[in-house]
Every structure is written in C-alpha cells, then in structure tokens.
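# Tertiary structure, described
So the chains spell out like this:
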Amino acid sequence: MMLTQTISYPSSFRDYGRRPILPITTSSILSQTGIDALEERARHAEQKCDRLLNEVETERAMLRAVIDQMLAGVFVVEAPSGKLVFGNEQVNHILRRPYHPADEAQELFGQIGFHSDGRLHRPEEWPISRSIATGDRIVNEEIAFIRADSTIGYLAVSSAPITCSGGVVRYGVIVISDITERKQIEEALKEAERKYRELVRYAPAAIYGIDFRNRRFTSVNDAMCQILGSSRAELLAMNPFDILDEEGRARFQIRISHWLNGEEPDRNVEYKIRAKDGRIIDVVLDVTFTADENGKPLGATVVAHDITEQKRIEAIRQQAYCQIERNMEQFAILADHVRHPLQVVMARADLVEDEETSTSIRKQVKRINALVKQLDRGWVESRAIREFLRRNDLAGIPD
C-alpha cells in the first residue's frame, strides 16, 4: 500500500515549543504497523520534550527565586547592545530606582559613578561594559555613586561575561553590593584613629609601646621625646629597659612574671628613668601588657607621668613640717626654761625693800609671763593643726 504523509518535527529539542515546527514531507511505502510505530515514537519524543521543558522552567523559577532572595543586586545584560535582560529586586533597592528590561546598562547607571580619586565614571568604564567588551572578570571594584534620591552611596561591583560556543560573548552578568554602611564605618574608624593618634602624640603624658621580642620601642609620642631629651629615631633604636635603673628593670620583670601567672599587677608603679643628659626622672608607669594566642608576652603599652617636680615639692613639704615640729618642741622647752627664772626673779622682787623697784620688777615679770602663755597657746593651736593635717593626710606628716 503506497501512502504519502506529511509529518512535522521540531527542528531541535531545544527549540521545541518555541519556534514554528518545520514540516518534513516523506513519501514512502509504509505499512500501517510502521506508521503506528512512527507516531508512537513521535508521541514519546513530544512527551520527553515537554518533560525537559518543564524541568528547565522549574529550574529557571528556582534560580529566579534564589537570586531574588540574595542581598546583592544581580542583573544580566545582552551583548553587545547592553540591554537589560534580567534583574532581581535588590537592584531597585540598592539603586533606589526601578529598572526596566528594555533599559540599557548605561541608562541604568548613567553619569552617577565616581572613581576613588573623584573622577566621573564614564559609561564604558563600568565593570559590565569592560566585561562585555574585553571578556574580563572584575571582582569587588568599589565605586561611589549618586542614587536616584540624590544621596551618595558606595557599591562593590563584580562582573563577568557569559560566552557561547566559540567564545563569543552573548551576555554579561553583574553583581552589586551596597557597601555604604561599611564605608561609613571605615571612615568613622579612620577619623577615630586619626584623633587617637593626635591625642597620643600631643598628650602631656609620655605614651609609648614596647615589643618584648625585639626589645625595642614600637612607638613614642612627643612628650616621651621631650621628657628624655631624645629624638623619636633615637628612642625607636633603643632597648626600652636601658632607660630604667637596675631596681626598675628587676621590678618590671617581676611584674611580667606575676601577669603571666594570672595575677593582676598594680597598674601604677613608680620607677626612676635616666634621660639622655643623665638626669634621673621620677615617673609613674601605667602598664598594659599584651600576649599572643599562646599566652606568651608580646609587649606593652605604657603611659608615663613625670612626677619629678611633684616628688621635689613633697620633699620640701616634708622638710618644712619636720622643721615646724622641731620648732614646736623648742618653743615648749624654751617656755619651761623661761618660767623657772621668772619664778626666781619674782621671789627676789619680794625681798627688795624698795617698794617702787619691787613693783616694777613684778610688772615686767607679769608681762614676760603673759608672753610665755601666748607662746603656750600658739603651741597648742599648732599641735591641733598638725593633728588635723595628719588625720586628713594633707601634709604627709609622719607619725
């Protein structure tokens, strides 16, 4: 039996259901069994194509759902036209403007990007433009930009080409992350570090760092240089322990040992240090130790307060109060020594026959006795003041 039958097949499985089916005309002598078998194979092929298309659509939907949940903005542009093909919701959120699939990448960004030196980003300089043009992959290039609401933001931009067989670039994908908050934090940290460095440098107290491993200063501020009379370069080349006397070096090593044993050493301890010109300077060192991950000492940060003048004033004050103490004792002895002769003079006055002379002597004795009593009262008052100062630790008077 001769049959002529037109059977239509898709040009390829990839194009099944997307392009017009091309007719293929076959003229052959087929049995009914052969025709049935051919139709069965066609049905199987059609079912397989439908299944594959469903799987592709499912995977595409899953991919779209994943991309839409990303915190970064992702979109795909067509090459070489630069037309937007796809973008997720984060693109709108980051750029603060809606995008449309018909937009071009250059239109999406426009003249809103800036290099780190403040120069305007030309459209062809954007990472996606370079990826499409040259095939380069660009990772986390930071760009300042002006959002649609006129606020300034910062992007970390990555882009890559999508090629087909033969290496021809068909699309480009770009990923943008909003790093505005991070940049603001970085700027705030830089400003805080700048202020801290200025504070340390110009602080009235000497501040320096020590590296125990190299036995060198790691940093010194201006006050440290001024106190020791050395330049910063000279100090950074020195062994920090060389400025301490023998007793101070031993005490410092003991404090390190206590710290390594888990004890908390006193923060403020007095030391004597030697200046460049040989002067001995009294200081109070506030030391903060640092260790590595194994607990071994790395170094220390030290704040040194020059108390030389304070110690000198305290010594003078101690001497003054000690002298006052001695004077008070001398006054007491002197008063006793004066009273005894007065009693003798008074007794002799009673023996004088001349009443006028006797009266004059008694009068002078009473005047001297009144002065001695005033001296006694002053001593008592001075004693009370001394006890008050001792109780309140105002004078540093020893017991």
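For the structure, see preceding data.
So, here is what we can say about the structure in this document. Model, not experiment: these values are computed from the prediction. (Residues numbered from 1 in each chain as written. Predicted model: local features only at pLDDT ≥ 70, side-chain atom pairs only at ≥ 80, totals over all residues. Heavy atoms only, no water.)

## What about the overall build of the protein chain?
On a plain count of helices and strands, the protein chain comes out with 10 helices and 13 strands. The buried share of the protein chain, reckoned over its 399 residues, is 30%. Here the analysis covers contacts within the protein chain between residues at least 6 apart in sequence; of these, 41% occur between residues at least 24 apart. Carbon together with sulfur atoms contributes 55% to the accessible area of the protein chain, which is approximately 26,200 Å² in total. (Helix = DSSP H or I, 4+ residues; strand = E, 2+ residues; numbered from the N terminus. Buried < 20%, exposed > 50% of the residue type's maximum accessible area, 1.4 Å probe, protein only. Contact = heavy atoms within 4.5 Å. Areas by Shrake-Rupley, 256 points an atom, 1.4 Å probe, with all protein chains shown as cover.)

## Regarding the packing of aromatic side chains
Under the criterion given, the structure shown has seven aromatic pairs. Their ring planes at 80 degrees and their centres at 5.5 Å tell us that phenylalanine 241 and phenylalanine 252 sit as a pair that is edge-to-face. One end of the pair, phenylalanine 241, is in the loop between helix H7 (232–236) and helix H8 (246–260); the other, phenylalanine 252, is in helix H8, with 11 residues separating them in the sequence. Assessed through its relative accessible area of 6%, phenylalanine 241 is described here as buried. A relative accessible area of 3% means that phenylalanine 252 is categorised as buried. Taken together, Phe212, Phe241, Phe252, Tyr271 and Phe289 form an aromatic cluster joined through their ring pairs. Sitting over the face of the ring of tyrosine 154, lysine 183 holds its NZ or CZ atom 5.7 Å from the ring centroid. Directly above the aromatic system of tyrosine 271 lies the positively charged group of arginine 251, at a separation of 5.0 Å from the ring centroid. (Phe/Tyr/Trp six-rings, centres within 6.5 Å; stacked < 30°, edge-to-face > 60°. Lys NZ or Arg CZ within 6 Å of the ring centre and 35° of its normal.)

## Observations regarding the pattern of salt bridges
For the structure shown, the criterion picks out 22 salt bridges. Between lysine 311 and glutamate 270 there is a salt bridge, with the nearest N and O atoms lying 3.2 Å from each other. One end of the pair, lysine 311, is in helix H9 (residues 308–351); the other, glutamate 270, is in strand E11 (residues 268–274), and 41 residues separate them in sequence. The partner of arginine 312 in a salt bridge is glutamate 309, with the nearest N and O atoms 2.4 Å apart. (Salt bridge = Lys/Arg side-chain N within 4 Å of Asp/Glu carboxyl O.)

## Quick word on the environment of phenylalanine 212
Relative to the elements of secondary structure, phenylalanine 212 occurs in the loop between strand E9 (206–211) and strand E10 (216–220). Assessed through its relative accessible area of 13%, phenylalanine 212 is described here as buried. Remark: the alpha-carbon pair of phenylalanine 212 and leucine 298, spanning 86 residues in sequence, is separated by 5.6 Å. Apart from residues no more than four positions distant in its own chain, phenylalanine 212 is found in contact with Phe241, Phe252, Ile256, Phe289, Pro297, Leu298, Gly299 and Ala300.

## Description of the sheet that holds strand E12 (residues 280–291)
One open sheet accounts for five strands, arranged E10-E9-E13-E12-E11; its pairing is antiparallel. Looking along the sheet, the strands with just one partner apiece sit at the ends: E10 and E11. Within this sheet the neighbouring strands show an average axis-to-axis angle of 35 degrees, counted without direction. In the sheet, E9 pairs with strand E13 (residues 297–306) via six bridges, with the strands oriented antiparallel. When the sheet's bridge partners are listed, alanine 206 is paired in E13 with alanine 304. (Pairing = 2+ DSSP bridges. Axes fitted to C-alpha atoms, helices over the stretch in contact; angles between N-to-C directions.)

## As for the sheet that holds strand E5 (residues 113–114)
Reading across from one edge, E4-E3-E8-E7-E6-E5 is the order of the six strands in this open sheet, with antiparallel pairing throughout. Lying at the two open borders of the sheet, with one neighbouring strand each, are strand E4 (84–87) and E5. By the bridge criterion, three bridges tie strand E3 (residues 73–78) to E4 in an arrangement that is antiparallel. Within E4, the residue paired with valine 77 across the bridge is leucine 84.

## A few points about unusual backbone geometry
The peptide bond linking alanine 79 to proline 80 adopts the cis configuration, its omega dihedral lying at 0 degrees. Looking at where proline 80 falls in the secondary structure, it is placed in the loop between E3 and E4. Unusually for a residue other than glycine, asparagine 140 sits at a positive phi of about 50 degrees. One non-glycine residue, serine 150, lies in the positive phi region at around 75 degrees. With respect to the helices, strands and loops of the structure, serine 150 is situated in the loop between strand E6 (138–146) and strand E7 (152–163).

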